[in-house]
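Fold and geometry: a report
As a plain string of letters, each chain reads:
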Amino acid sequence: MSKGWPKSIFVSLYLLKRLLGKIIFLCSVKGKNKLSDFPIDIKKILIAPLDWGLGHATRCIPIVEVFLEKNVEVVLGSNGRSLDLLKATFPNLRCIEIPGYDFEYPSGNGMVWAALKQVPKVIRRIGVEKKFVRELQLKEKFDLIISDNRYGVFCFTAQNIFVCHQMALMVPSQLKFGRKWLYNFHLSFMKPFQQIWIPDNEGRLNLSGGLTHDYTLPQKANFIGVLSRFAKMKPTERPIPYEYILVLLSGPEPQRSIFQKIIEAQAEKTDKKFVIIEGKPELNQKKAVGNFINISHLYGQDLYNYMFYAKGILCRSGYSTVMDLNAIGKKAFFVPTPGQTEQEYLAVELDRKGVAKFATQASLDLNEAINYFEEVESLNSVTTEDKLREAINLLFKV
């Protein structure tokens with residue numbers, strides 16, 4: 001790779017910022033936000049998580065639940081497997097398919113270059129997304145729109161909240177000199193939103209580390225506590241009578257399938273029992289192969305029970321998975337998705353804090369994870385206050 005490649009990256013990011021600015025400007029000329037700031041009357045809302053993996057959708061579950069408690073009409077919007085998960089979790093709610101970004105993940109480690117090559121496509125998809133939401137708003141008339149990392153899901157005739165745990169994007173070591181510039185660049189994506197919600201604790205006892213705590217945050221950013229769909233659950237019956245290691249597969253293809261093949265190839269050479277949750281909410285399958293059981297997907301209490309009773313959990317270090325493990329207090333061995341700098345950072349950081357162990361996908365030795373599960377009792381959890389309910393209460397007129 002040439003010495004000049006960082007310069008080409010920042011030229012591309014500069015062009016991306018200018019293009020995004022034009023999109024926001026073209027939207028804003030339709031009229032500034034006509035509503036007053038919070039608190040407001042909220043009768044109908046749209047909650048729309050990103051479809052890159054399932055984590056954005058799963059962490060929106062507790063947000064949906066609190067709004068339902070307040071008798072608000074909640075409409076869900078997403079696409080792909082995230083939409084399938086939301087439909088299965090909330091079968092009585094209306095779900096709308098929102099055009100996705102159609103991001104193509106590489107099979108190797110070249111995530112930065114893969115992202116750069118797709119900048120024009122992502123920009124176009126944000127524009128399509130924004131147009132779709134604007135037309136949807138003409139019909140639905142939402143009072144509030146909550147977007148989890150979907151930069152085009154906002155409208156100037158509603159109040160808008162952006163959910164994000166990675167305020168300061170992690171970059172390869174060659175680009176660290178430009179990380180502060182990239183942080184400010186990222187903030188420009190969030191200009192149309194009245195509030196930014198960060199699913200973590202403020203201060204020292206946090207899970208996101210430098211993703212949210214390295215730089216001064218804008219005034220409209222609020223920490224709403226660690227979010228997990230399992231926060232209020234308790235274990236019920238044990239799903240299977242014997243000891244097992246649980247493998248949670250997640251994230252986009254092709255890396256999800258590559259990881260599964262690596263695990264299965266190594267698992268069959270051990271004398272341990274494994275349960276593999278494949279992260280395919282569009283399917284409903286369960287099959288036993290050798291010393292492991294494959295389950296296409298699990299929801300709610302069933303998934304909680306499998307996680308709670310497992311000897312240990314082998315999984316990606318996606319942030320929503322980290323929050324779920326924290327809620328259960330379960331020991332984990334992380335294998336970050338290759339090239340995803342956020343997951344790689346979290347795996348290293350949580351290992352440094354003594355919370356969990358990790359290995360790269362290329363160097364994974366399943367016996368190392370098995371030995372770790374034998375030695376460690378549980379994950380060192382951080383406590384969290386119910387900041388989410390407090391943040392939602394502040395939105396409503398009394």
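Residues numbered from 1 in each chain as written. Predicted model: local features only at pLDDT ≥ 70, side-chain atom pairs only at ≥ 80, totals over all residues. Heavy atoms only, no water.

**Observations concerning the sheet that holds strand β14 (residues 357–358)**
A sheet is described by the order of its strands in space; here seven strands give the open sequence β10-β11-β9-β8-β12-β13-β14, paired in mixed fashion. The sheet terminates laterally at β10 (286–289) and β14, the two strands that pair on one side only. Of the strand pairs in this sheet, strand β8 (residues 245–248) and strand β12 (residues 312–315) are connected by four bridges, and their pairing is parallel. If you follow Leu246 over to β12, its bridge partner there is Ile313. Docked against the sheet, helix α8 (residues 255–267) engages β8, β9 (274–277), β11 (292–295) and β12, running at close to 160° with respect to β11. (Pairing = 2+ DSSP bridges. Helix = DSSP H or I, 4+ residues; strand = E, 2+ residues; numbered from the N terminus. Contact = heavy atoms within 4.5 Å. Axes fitted to C-alpha atoms, helices over the stretch in contact; angles between N-to-C directions.)

**Quick notes on the packing of aromatic side chains**
Applying the stated rule across the entire model yields 16 aromatic pairs. Residues Trp52 and Tyr101 carry aromatic rings whose centres are separated by 6.0 Å and whose planes lie at 85° to one another, so their mutual orientation is edge-to-face. On the criterion of sequence distance, the pair formed by Trp52 in the loop between β1 (44–49) and α2 (55–69) and Tyr101 in the loop between β3 (94–97) and α4 (111–117) is long-range, its members being 49 residues apart. Given the relative accessible area of 29%, Trp52 is considered partly exposed. An aromatic cluster is defined as three or more aromatic residues linked by ring pairs; in this entry it consists of Tyr151, Phe154, Phe156, Phe162, Trp181, Phe185, Phe189 and Phe193. Over the ring of Phe154 we find Lys130, and its NZ or CZ is 4.9 Å from the ring centre. (Phe/Tyr/Trp six-rings, centres within 6.5 Å; stacked < 30°, edge-to-face > 60°. Buried < 20%, exposed > 50% of the residue type's maximum accessible area, 1.4 Å probe, protein only. Lys NZ or Arg CZ within 6 Å of the ring centre and 35° of its normal.)

**Side note on the nonpolar core**
Ranked by internal contacts, the top residues of the largest apolar core, which has 85 residues, are Ile47, Phe67, Trp197 and Leu246. Ranked by the residues each element gives to this core, the list is headed by α2, at seven residues. Discounting residues that sit within four places of it in the chain, Ile47 has contacts with Cys60, Ile63, Val64, Phe67, Val74, Val75, Leu76, Gly77 and Ile146. (Core = buried A, V, L, I, M, F, W, Y, C linked by side-chain atoms within 4.5 Å.)

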